[in-house]
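# Residue-level structural notes
Next come the chains, spelled out residue by residue.
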Amino acid sequence: MWSRVLKLDAVDNFRDFGGWRAAGGTRVSCGRLFRSAHHAQATAADLDRIGALSIATVTDLRHPSEQRKEPSAWIGTLPFDLIEEAGEAGRHEGEAPHMMALRNSDFGYDAMRAFLTAHYGEMPYDPRHVALFRRYFEALASRDGAMLIHCAAGKDRTGILAGLTHHVLAVHPDDAMEDYLLSNDAFDFSERLPQVRQSMTRIYSRDISDEALRALLGVIPDYIANCWAAITARSGSIDAYLNDMLGVDETKRLRIRERLYQ
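Below: a short report on this structure. (Residues numbered from 1 in each chain as written. Predicted model: local features only at pLDDT ≥ 70, side-chain atom pairs only at ≥ 80, totals over all residues. Heavy atoms only, no water.)

### As for helix α9 (residues 189-204)
Along α9, the residues classified as buried are Phe189, Arg192, Leu193, Met200 and Tyr204. Taken end-on, α9 shows its buried residues confined to a sector of 115 degrees, consistent with a single buried face. Within α9, the exposed residues directed more than 90 degrees away from the buried face are Gln198 and Arg202. Directly beyond the C-terminal end of α9, a positive phi value near 60 degrees is found at Ser205. (Buried < 20%, exposed > 50% of the residue type's maximum accessible area, 1.4 Å probe, protein only. Helix = DSSP H or I, 4+ residues; strand = E, 2+ residues; numbered from the N terminus. Arc of directions from axis to C-beta.)

Now the structure itself:
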């Protein structure tokens, strides 16, 4: 039986973000669009299950520094075409921008909420994300096989790209929001909180409360709403952003719909 959330041993937030209703009474195909957190700790059983999903292309939205620290466990094992950040050697040294921003935070609950709200307004125009998003949509319009997008936690960068995909596919806004908020259920807070706290203490040499950590690891409607508001304020509309920044014109939009509608 089809299930939206795929429970894996060591990959968080892995799920199918297809299957939603779309305009004109149609529906997005299941088994063609997947999203998740990183795959660095994926077990052999996880790799077997991921490998059985007919995924052809993976878009890794992480900064190169994140990839170096936590390389995907399937590298050299599963034959995915990989879309990732590219550039000149040495160009991407140092921390990812969001990690640098966190380093300057006071690590309180309000600070975590404020950080993510502001970050969502900035991410669509980060040149790294624009380049990756463009390549993803080009692949979505032209490549066969299922697609997987992921970042570190599979909720913020991934959530924005999944939301843009839903917009292109004319998914009902209520369903798009439901998919976005599903990260709160798909992430096992009880099991992962101690691990994430330990990791953040190691990276930042500071403690963080459970309340602040849940604000950082979860999602709320305000985060993604601020993203769409920032796009509308700067580009005029989400459609204009897709067309002007990402090259998703009407022809490409129709091609994506033809490939992904049931």
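### What to know about the environment of Thr43
Residue position: Thr43 is located in the loop between β2 (33-36) and α1 (44-51). Overall, Thr43 belongs to the partly exposed group, its relative accessible area being 26%. Once the C-alpha coordinates of Thr43 and Ala73 are considered, the two residues, 30 residues apart in sequence, prove to be 8.0 Å apart. Contacts of Thr43, omitting those with residues within four sequence positions, involve Asp9 and Ala10. (Contact = heavy atoms within 4.5 Å.)

### A closer look at the nonpolar core
Ranked by internal contacts, the top residues of the largest apolar core, which has 55 residues, are Leu33, Tyr120, Tyr136, Phe137, Leu164 and Leu246. Contacts of Leu33, omitting those with residues within four sequence positions, involve Arg15, Asp16, Phe17, Gly18, Val28, Tyr136, Leu140, Met147, Thr165, Leu169 and Leu260. Listed in part, the 16 residues of the second largest apolar core include Leu6, Ala42, Ile55 and Val58. (Core = buried A, V, L, I, M, F, W, Y, C linked by side-chain atoms within 4.5 Å.)

### Side note on unusual backbone geometry
The phi dihedral of Ser54 is positive, around 60 degrees, even though this residue is not glycine. Position of Ser54 relative to the elements: it lies in the loop between α1 and β3 (55-60). With relative accessibility at 54%, the residue Ser54 sits in the exposed group. If you check the backbone angles, Ala170 has positive phi at about 60 degrees while not being a glycine. Structurally, the position occupied by Ala170 is in the loop between α6 (157-168) and α7 (173-181).

### As for the packing of helix α5 (residues 127-142) against α6
Helix packing for two helices is described by the angle between their axes and how far apart those axes are. Packing of α5 against α6 brings their axes to within 12 Å, and their N-to-C directions diverge by 45 degrees. Judged by the angle between their axes, α5 and α6 are oblique. Crossing of α5 over α6 shows right-handed handedness. Every residue of α6 that contacts α5 at His129, Phe133, Tyr136, Phe137 and Leu140 is listed here: Arg157, Ile160, Leu161, Leu164, Thr165 and Val168. Of the residues belonging to the contact of α5 with α6, the class tally is eight nonpolar, two polar and one charged. (Axes fitted to C-alpha atoms, helices over the stretch in contact; angles between N-to-C directions. Parallel < 35°, antiparallel > 145°, perpendicular 65-115°, else oblique. Left-handed = near helix turned anticlockwise from the far one by under 90°. Nonpolar A, V, L, I, M, F, W, Y, C, P; charged D, E, K, R; others polar.)

### What about the packing of aromatic side chains?
Scanning all chains against the criterion turns up six aromatic pairs. Centre to centre, the rings of Tyr120 and Tyr180 are 6.3 Å apart; their planes meet at 90 degrees, and the pair counts as edge-to-face. Taken together, the residues Tyr120 in helix α4 (residues 109-122) and Tyr180 in helix α7 connect sequence positions 60 residues apart. The interplanar angle of 70 degrees and the centroid separation of 5.4 Å between the aromatic rings of Tyr125 and Tyr241 together place this pair among those described as edge-to-face. Within this pair, whereas Tyr125 is found in the loop between α4 and α5, its partner Tyr241 is found in helix α12 (residues 238-246), the two being separated by 116 residues in sequence. Comparing Tyr125 with Tyr241, the two get one shared label, buried. Over the face of the ring belonging to Trp20 we find Arg4, whose NZ or CZ atom lies 3.9 Å from the ring centre. Directly above the ring of Tyr125 sits Arg234, whose terminal nitrogen or CZ lies 4.0 Å from the centroid. (Phe/Tyr/Trp six-rings, centres within 6.5 Å; stacked < 30°, edge-to-face > 60°. Lys NZ or Arg CZ within 6 Å of the ring centre and 35° of its normal.)

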